[in-house]
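Chain by chain, the residues:
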Amino acid sequence: MKSIAVFCGASMSNDSVLNQEAYNFGKIMAERHTQLIYGGAKIGLMGNVASGVLENGGKAIGVIPDFLTTKEVVHTDLSELIITKTMHERKLKMHELSDGIVALPGGFGTLEELFEMLTWAQLGLHKKPIGILNVNGFYDDLLSFIEVMITKELLKLSYKQLLLVAETTEELLEKMNNFKPLPVPKWMNKNQT
């Protein structure tokens, strides 16, 4: 993967391990010459990932909607900053620029971005690997809830394979590099993919 879209919190956590691992993720991306595509802020876990990349010689591209340029405090030292009109355009641009998607710890926005990317994959609209870095068990409850969806037959077991989960950056990137996409669903036709 030459570039990864990273979704994560625009706030810092009260768990210092989460904050440090966001920086670490960026550092490892830089060491692997993998370009960061992210939300463009210099604050929170987002800022930590960008700092990890930039302080270790990597390239970071920020994508931010115009109305958030002051609220999320734009990172001014990025390799490139792309300003969009809407949140949807932001996600679409981040998707277009990336070879894979990773969710680090975050809030509602992070979950919304993650699940939109998963839904697009489920529909066969892309075949990129999607990963969760489950630092300090942050996503344990979400992963348990996914099992409930499967048990209640509201999510096919096969779709669980779309979500790669690991506790370390190295393990997650290895899983993403070895990812084999699911076949396009039979109910989709070639004009819809």
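Refer to the structure printed above.
What counts and how
- Note that residues are indexed from 1 along each chain, following the sequence as it is written.
- Where local features are concerned, this predicted model is filtered to residues with pLDDT of at least 70; where side-chain atom pairs are given and counted, the filter is 80 or more; whole-chain, interface and lining totals use all residues.
- By convention in this description, side-chain values take in all heavy atoms of the structure and omit both hydrogens and water.
- Only buried residues count toward a nonpolar core, which is a set of Ala, Val, Leu, Ile, Met, Phe, Trp, Tyr and Cys residues joined through side-chain atoms within 4.5 Å.
- Each residue gets one of three labels from its accessible area relative to the maximum for its type: buried under 20%, exposed over 50%, partly exposed in between, using a 1.4 Å probe on protein chains only.
- In this analysis, two residues are considered to be in contact whenever any of their non-hydrogen atoms come within 4.5 Å of each other.
- Pairs of strands are assigned from DSSP output, requiring at least two bridges between the strands.
- Helix and strand labels come from DSSP, where a helix needs a run of H or I of at least four residues and a strand needs a run of E of at least two; each type is numbered from the N terminus.
- Helix axes are fitted only over the stretch in contact, all axes being lines through C-alpha atoms; the angle between N-to-C directions runs from 0 to 180 degrees.
- Angles are sorted into four bins: roughly parallel if under 35 degrees, roughly antiparallel if over 145, roughly perpendicular if 65 to 115, and oblique for all others.
- We call a crossing left-handed when the near helix sits turned anticlockwise from the far one by less than a right angle, and right-handed when that turn is clockwise.
- Ten residue types, Ala, Val, Leu, Ile, Met, Phe, Trp, Tyr, Cys and Pro, are classed as nonpolar, four, Asp, Glu, Lys and Arg, as charged, and the remainder, Gly among them, as polar.

1. A closer look at the nonpolar core
Among the nonpolar cores identified, the biggest contains 52 residues, and Val6, Phe25, Leu36, Leu104, Leu114, Ile130 and Leu172 are the most heavily contacted of them. Residue contacts for Ile130: discarding those within four places in its chain leaves Ile101, Leu114, Met117, Leu118, Ala121, Leu162, Leu163 and Leu164.

2. Concerning the sheet that holds strand 4 (residues 80-84)
Strands belonging to one sheet form pairs held by backbone hydrogen bonds; the direction of such a pair is parallel or antiparallel. Taken in spatial order, the 7 strands make up an open sheet running 4-3-2-1-5-6-7, and their pairing is parallel. Only two strands of the sheet have a single partner each, and these edge strands are strand 4 and strand 7 (163-166). Sheet twist, expressed as the average angle between the axes of neighbouring strands with direction ignored, equals 25°. Pairing between strand 1 (residues 3-7) and strand 2 (residues 35-38): 3 bridges, direction parallel. Looking at the pairing, Ala5 lines up with Ile37 of strand 2. Its contacts with the sheet put helix 6 (residues 169-177) on strand 1, strand 5 (100-103), strand 6 (130-133) and strand 7, and the angle it makes with strand 7 is roughly 155°.

3. A look at the environment of Val74
Tracing the chain through its elements places Val74 in the loop between strand 3 (60-65) and strand 4. Classification of Val74 by relative accessible area gives buried; the value is 16%. The residues contacting Val74, other than those within four sequence positions of it, are Gly40, Ala41, Lys42, Ile64, Thr69 and Leu81.

4. A few points about the packing of helix 1 (residues 16-31) against helix 6
Contact geometry of helix 1 with helix 6 gives a least axis separation of 10 Å together with a crossing angle of 50°. Taken together, the axes of helix 1 and helix 6 are oblique relative to one another. The handedness of the crossing between helix 1 and helix 6 is right-handed. Taken together, the residues of helix 6 that come into contact with helix 1 (itself represented by Glu21, Phe25 and Ile28) are Thr169, Glu170, Leu172 and Leu173. Residue composition of the contact of helix 1 with helix 6, by class: 4 nonpolar, 1 polar and 2 charged.

5. Comments concerning helix 2 (residues 44-54)
Helix 2 sits mainly inside the fold: 10 of its 11 residues count as buried. When helix 2 is considered as a whole, its buried residues turn out to be Gly44, Leu45, Met46, Gly47, Asn48, Val49, Ala50, Ser51, Gly52 and Val53. In this structure, the buried side of helix 2 is in contact with strand 1, helix 1, strand 2, strand 3 and helix 3 (87-97).

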